[in-house]
Each structure stands twice: as structure tokens, then as C-alpha cells.
Amino acid sequence: MQPALNHLPIVVAYLAPPEVLRRASAEFDAVLADGADLAAAALLDAARAHQARAIVIAGSHQLDAGLIAQLPDSVRIVATSTVGFDHIDVAAAQARGLIVTNTPDVLTACTADLTLMLMLNACRRGAEYAAIMRDGWRRRFAQSEMLGLRMSGRTLGIFGIGRAVAQRARTFEMPIVYCNRHRLAPELEQGARYFATLDAMLPECDLLSLHAPAGDATANIIDRAALARMRRGAVLVNTARGRLVDEDALMDALRSGQLFAAGLDVFQHEPDFDLRLQQLPNVFLTPHMASATVETRRAMGMRALDNVAAVLRGDAALDPLW
Ligand code: 8YV
């Protein structure tokens, strides 16, 4: 007979939305993070004391080899309530025989929405206009002052998986070019032009949006040389991972006018991002919030629990990383 899930001990180590916490308590014997995500030591203490069978984590947790080695043997699955998994040492988790799952798909729409928010704010000087209004405005601008860029009609380059962004950009009549490991079938391309290499695509982009995971192949892929290949006065948007962009090179490009503006949700160092970025007028910055809506954070947490429930019931994980 399958074990009842409500007898199975789990640790929800991140501060999930209330509905997710309620479900965790109703379905499992759950230890919940209280007030903040559990730090590594507290996570380990809870997992050991509770003989947890599953742990649910978020991007704030570094599931590195050291932490994995200290997990009690009872832990069968770690479910991360994120799509990215660069905070997880995959090789160490595999070697330990852990099942690790993520939450793909459920955050695609909200990440694409925020990408458009960054694109529009970068093109239309959102940060500067907002600052002027916060300061009380009180002075008319001449028709030639404080001009942004028309986003409609500009060519958008997408690096990585960005079909939801492309779909939204089409309503702005933006021609789409894209670069990914694989070319899409023509019915999915919907007129987007494929480039096998980023270098070949960059000179075609008025805006470039990044949608690739962080890893050895993509570290600092937007470096000085890449920025120089872009059209002068282009716009860069990043809702993927900060490690894709050399921030010193980016700041130089923003100062020199090689880039008109940038919209950034992710940074090389989070939350202690490089404060020199904040000093530049032509950046629009958000604190890694692309998935941060009521609906999406709830869906992510529920999907993580779906994965835990499947594995603890003895079924296959829904979203295994390997
Ligand atoms: C963040 C994300 O985890 O899922 C991912 O990979 O980057 C986001 O959902 C979230 O914004 C908090 O850091």
C-alpha cells in the first residue's frame, strides 16, 4: 500500500506563499520556514531532526557539495521552487542519488511580461521619468528634451529560449531574430530569423534580450567584444542570469552611448549588486523579480510540492533535472 503523504516528513526551507505553506502542512508532516528562508545550518538541523524525506528550497539556498554531503540519508528529493538551478551542484546531487526537480513553464509568462517591462522602460527612459515625477516635475520640457526611443518596429534579438517574449514583442511590430542551440520549426518561428551564433546575430539587434541559463558556455557571453558588435544605440535587457554579462563592459557601453540603455533584473552579485549601475541614468533596474507575482509564485510552490508528492508516493518526478 502507498504511504499516506501526511505521515511523511518534509522541510519547506523557503518562505513560500501562504497557500503553498497551507498545502504543505495539510498534505505532509511539514517543518516550515518561519519569517525568512532557512539558512543552511537551520535547513540541515531541521532535515536531521525531522528525518525529512524531501526538502523544498528556493534560489537563496546554495545546494553545494558541502551541504549535500551533510543531508541525512532520509532525504530522497530536493525540489527547488525555481526554473534555474545554478544554485545546485548537479554532479554532487547525482552522485548522492538525490532526485532534484525544478519548476519549468509556470513562470514563463511572468518572466516574459517583466522582460517587456524592462524593454519599454529602457527604451522610454522609465527610470529618469519616474525620478522626475518623484522630485515634483515643476518644469516643462521642450519637444526636443528627454527623448526616448520608439520601441515599436525595432528589431529584437533573443538569445536563448524566448518564445513568450517574441509573442509579446510581435504586438509591438518588432521583427524578431533569435539565437539558440536549435532552430525552431517554421510554424514556431513565425517569421523570426535564426542565427546559429550570437556573434552573427548581434549586428542585427536594436534590442537584445537574454534568456539563457548561466553556465560555463554563457559566462560573460555579453562582454566588451559582444557589446561592440551590437548596433550603436542598442538596448540590452537581461531577465536570465547576471553572470551572462560583463558588468564593467556594460557600464562602459552605457556611458559611451554604444548602448542607449539597459534593463536589468539580474546581476553578477545578488543582492549586493554593483552600485555603480545605480548611478547611471540610462538603466532600469529590478531586484530579480521576474517571477514575483501572486499567481506565479503560488504556481511555482505548488509545482515543487507536486514533485515532492509524486516522488514520495513512489511515482516519477514531474520535473526531474536529469
Ligand atoms: C527567482 C528565478 O528564483 O526561477 C528562477 O530561476 O530566477 C526566479 O524565479 C526568484 O525570482 C527569486 O530569486
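Residues numbered from 1 in each chain as written. Predicted model: local features only at pLDDT ≥ 70, side-chain atom pairs only at ≥ 80, totals over all residues. Heavy atoms only, no water.

Caption draft 1: Representation of a nonpolar patch on the surface within the structure. Residues M133, W137 and F141 make up a contiguous nonpolar surface patch of about 320 Å² in total accessible area. Looking at the secondary structure, you find M133 in helix α6 (residues 126-134). (Patch = residues over 30% accessible without salt bridge, like charges linked within 9 Å, V, L, I, M, F, W, Y side chains within 5 Å. Areas by Shrake-Rupley, 256 points an atom, 1.4 Å probe, with all protein chains shown as cover. Salt bridge = Lys/Arg side-chain N within 4 Å of Asp/Glu carboxyl O. Helix = DSSP H or I, 4+ residues; strand = E, 2+ residues; numbered from the N terminus.)

Caption draft 2: Examining the site of the ligand more closely. Taken together, T82, V83, G84, L107, R241, H288, S291, R297 and M300 make up the full set of residues adjacent to the ligand. Taking H288, its side chain carries an N or O atom lying 2.7 Å from an oxygen atom of the ligand. At a separation of 2.8 Å, an oxygen atom of the ligand approaches a polar side-chain atom of R297. Protein chains bury 80% of the 330 Å² of accessible surface belonging to the ligand in isolation. A per-class count over the shell around the ligand returns three nonpolar, four polar and two charged. (Near = heavy atom within 4 Å. Polar contact = N/O pair within 3.5 Å; in protein donor to acceptor, adjacent residues only side chain to side chain. Nonpolar A, V, L, I, M, F, W, Y, C, P; charged D, E, K, R; others polar.)

Caption draft 3: Quick look at the packing of aromatic side chains. Within this structure, the stated rule accounts for two aromatic pairs. With a centroid separation of 5.1 Å and an interplanar angle of 55°, the aromatic rings of Y178 and Y194 are classed as tilted. Taken as a pair, Y178 in strand β7 (residues 176-179) and Y194 in strand β8 (residues 193-195) lie far apart in primary sequence, 16 residues in all. A residue is classified by how much of its surface remains accessible, and Y178, at 6% relative accessible area, is buried. Classification of Y194 as partly exposed rests on a relative accessible area of 23%. Summarising the aromatic geometry, the rings of F267 and F273 are spaced 5.1 Å apart at their centres and angled 45° between planes, so their arrangement reads as tilted. (Phe/Tyr/Trp six-rings, centres within 6.5 Å; stacked < 30°, edge-to-face > 60°. Buried < 20%, exposed > 50% of the residue type's maximum accessible area, 1.4 Å probe, protein only.)

Caption draft 4: Broad picture of the nonpolar core. One finds M201, L208, L210, I222, L250 and L259 to be the most contacted residues of the largest nonpolar core, which totals 32 residues. Within the residue set of this core, elements represented by two or more residues are β7, α9 (198-201), β9 (207-211), α10 (224-229), β10 (234-238), α11 (247-256) and β11 (259-264). If one sorts the elements of this core by residue count, α11 sits on top with five residues. Contacts of L208, omitting those with residues within four sequence positions, involve G157, F159, M201, L202, I222, M230, V235, L236 and V237. (Core = buried A, V, L, I, M, F, W, Y, C linked by side-chain atoms within 4.5 Å. Contact = heavy atoms within 4.5 Å.)

Caption draft 5: Examining the pairing of strand β4 (residues 77-80) more closely. Burial along β4 is two-sided: the residues I77 and A79 and V78 and T80 are all buried. Pairing of strand β3 (residues 54-57) with β4 involves four bridges; the strand directions are parallel. By the bridge assignment for β4, I57 is matched with T80. In terms of handedness, the path from β3 via helix α3 (residues 65-70) over to β4 forms a crossover that is right-handed. Pairing of β4 with strand β5 (residues 99-101), which is carried by three bridges, proceeds in the parallel orientation. Residue V78 lies in a different strand from β5, and its bridge partner there is V100. Between the parallel pair β4 and β5, the chain is carried across by helix α4 (residues 90-96), and the sense of this crossover is right-handed. (Pairing = 2+ DSSP bridges. Right-handed = clockwise from strand over helix to strand, strands pointing away.)

Caption draft 6: Region of interest: the domain arrangement of the chain. You can read the domains of the chain as domain 1 (5-106 + 294-312) and domain 2 (108-285). Of the roughly 410 Å² buried between domain 1 and domain 2, counting both surfaces, carbon and sulfur atoms make up 31%. On the domain 1 side of the contact with domain 2, D86, D105 and T296 bury the most area, a combined 79% of that side's loss. Counting every contact that joins domain 1 to domain 2 gives two salt bridges. Here R241 and D86 are joined by a salt bridge, their closest N and O atoms 3.0 Å apart. Seen at the junction of domain 1 and domain 2, the total is three residue pairs in polar contact (both at pLDDT 80 or more). Of the residues assigned to the side of domain 1 that touches domain 2, the class counts are one nonpolar, two polar and two charged. (Domains from an automatic or database assignment. Buried area = accessible area lost by both parts, 1.4 Å probe.)

Caption draft 7: Examining the packing of helix α1 (residues 18-27) against helix α12 (residues 294-312) more closely. Two elements in contact, α1 and α12, have axes whose closest approach is 9 Å; the angle formed by their N-to-C orientations is 20°. Taken together, the axis directions place α1 and α12 in an arrangement best described as roughly parallel. Handedness of the α1/α12 crossing: right-handed. Together, E19, V20, R23, A24 and E27 of α1 and R297, R298, G301, M302, L305, D306 and A309 of α12 make up the contact between the two elements. Taken together, the residues of the contact of α1 with α12 sort by class into five nonpolar, one polar and six charged. (Axes fitted to C-alpha atoms, helices over the stretch in contact; angles between N-to-C directions. Parallel < 35°, antiparallel > 145°, perpendicular 65-115°, else oblique. Left-handed = near helix turned anticlockwise from the far one by under 90°.)

Caption draft 8: Representation of the sheet that holds strand β2 (residues 29-32) within the structure. Strand order in the open sheet made by the five strands is β2-β1-β3-β4-β5, with parallel pairing throughout. Edge positions in the open sheet fall to β2 and β5, since each of these has one partner strand only. Each neighbouring strand pair of the sheet contributes to a mean axis angle of 15°, computed without reference to strand direction. By the bridge criterion, four bridges tie strand β1 (residues 9-12) to β2 in an arrangement that is parallel. Directly across from V12, in β2, lies its bridge partner L32. This element, α1, spans β1 and β2 of the sheet and lies at about 145° to β2. Across the sheet, α12 lies against β1, β3, β4 and β5, angled at about 165° from β4, the strand it touches most.

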